[in-house]
Amino acid sequence: QKEVEQDPGPLSVPEGAIVSLNCTYSNSAFQYFMWYRQYSRKGPELLMYTYSSGNKEDGRFTAQVDKSSKYISLFIRDSQPSDSATYLCAMSAKGGNNAGNMLTFGGGTRLMVKP
Amino acid sequence: GAVVSQHPSWVICKSGTSVKIECRSLDFQATTMFWYRQFPKQSLMLMATSNEGSKATYEQGVEKDKFLINHASLTLSTLTVTSAHPEDSSFYICSAMTSGNSYEQYFGPGTRLTVT
């Protein structure tokens, strides 16, 4: 079993839809949870970051973390064709700049928003 | 925001040759850099972690003699794929962390390596 599981998709939605992306994990030591967006043949870019449990909102994006269920979500409201990309969840057990702060990535979900 | 560049963005080489990929932090100092490998439609796999001035720490299954990593300065890390073979063809991505208490890794745009 992988440490972080993510539905690979592809997930196809019409423009304007609400998108829900999810990851589950098994390592209870994870405390830092991130969502990255990756366009084709590009490096990932950080979208959202959450520490421990709770919600965080940034514009059309909302990240949720439920540590008791080991489940995290990213919601995208009013989805746009430009949101079409692969979304990767990532987790870390440590914060701070040291060699132990490695990220464990989910497999990524490919999202397609159709005009 | 912090910018990380990679060079080259795309390289084709013949089997048996070596290829060097550079990762630079353009507007910040990175004491730690990470190298990842990504196959098509798959997630990022961490290959190694490098700290400036010290030897890289390789993940299990990654051949350190094949993937040479040098982190000689606070703004530059290099990955050299030695004696490349077609199975080394992949998308290689680096990331860098700023000094201080930061959770964020800034990713480079990636380098696509094709070995013929």
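Predicted model, so just to flag it, every value in this text is computed and none were measured.

Draft legend 1. Focus on the interface of chain A and chain B. If you look at the interface, chain A gives 22 residues, while chain B gives 28 residues. Carbon and sulfur atoms make up 56% of the area that chain A and chain B hide from each other, which totals about 1800 Å². The interface formed by chain A and chain B holds 3 residue pairs in polar contact (both at pLDDT 80 or more) in total. Among the secondary structure elements, those contributing two or more residues to the side of chain A that touches chain B are β4 (32-38) and β5 (45-51) of chain A. Among the elements that make up the side of chain A that touches chain B, the one with the highest residue count is β4 of chain A (4 residues). Taken together, the residues of the side of chain A that touches chain B break down into 11 nonpolar, 8 polar and 3 charged.

Draft legend 2. Fine view of the sheet that holds strand β7 (residues 61-66) of chain A. Residue and element names in this part refer to chain A. Across the sheet, 5 strands lie side by side as β1-β3-β8-β7-β6; this open sheet has antiparallel pairing. This sheet does not close on itself; its edge strands, each paired only once, are β1 (4-6) and β6 (54-58). Across the sheet, the axes of successive neighbouring strands diverge by a mean angle of 15°, strand direction being ignored. Here β1 pairs with strand β3 (residues 19-25) via 3 bridges, running antiparallel. Within β3, the residue paired with Gln6 across the bridge is Cys23.

Draft legend 3. How the structure looks around the layout of surface pockets. Of the pockets and cavities examined, the largest pocket occupies roughly 670 Å³. In terms of lining residues, the largest pocket is bounded by 28 residues, among which Phe105 of chain A together with Ser43, Leu44, Met45 and Leu46 of chain B are the most central. Contributing elements (two or more residues each) for the lining of the largest pocket: β1 and β10 (104-105) of chain A together with β5 (44-51) of chain B. Considering every element that reaches the lining of the largest pocket, the biggest residue donor is β5 of chain B, with 4 residues. Residues belonging to the lining of the largest pocket are distributed by class as follows: 12 nonpolar, 9 polar and 7 charged.

Draft legend 4. Structural context of the sheet that holds strand β3 (residues 19-25) of chain B. Residues and elements named next belong to chain B. Taken in spatial order, the 4 strands line up as β1-β3-β8-β7 in an open sheet, and their pairing is antiparallel. What marks the edges here is a single partner per strand, and that holds for β1 (4-7) and β7 (67-73). With strand direction ignored, the average angle separating the axes of adjacent strands in the sheet is 15°. Relative to strand β8 (residues 76-81), β7 is paired through 5 bridges, and the arrangement is antiparallel. Paired with Leu68 across the two strands is Thr80, which belongs to β8.

Cut-offs applied
- Residues numbered from 1 in each chain as written.
- Chains lettered and ligands numbered in written order.
- Predicted model: local features only at pLDDT ≥ 70, side-chain atom pairs only at ≥ 80, totals over all residues.
- Heavy atoms only, no water.
- Contact = heavy atoms within 4.5 Å.
- Buried area = accessible area lost by both parts, 1.4 Å probe.
- Polar contact = N/O pair within 3.5 Å; in protein donor to acceptor, adjacent residues only side chain to side chain.
- Helix = DSSP H or I, 4+ residues; strand = E, 2+ residues; numbered from the N terminus.
- Nonpolar A, V, L, I, M, F, W, Y, C, P; charged D, E, K, R; others polar.
- Pairing = 2+ DSSP bridges.
- Axes fitted to C-alpha atoms, helices over the stretch in contact; angles between N-to-C directions.
- 1 Å grid on protein atoms, 1.4 Å probe; cavity = no way out; pocket = protein on both sides within 12 Å on 5 of 7 lines; lining within 4 Å.
- Points joined across faces, edges and corners; volume = space filled by probe spheres on them.

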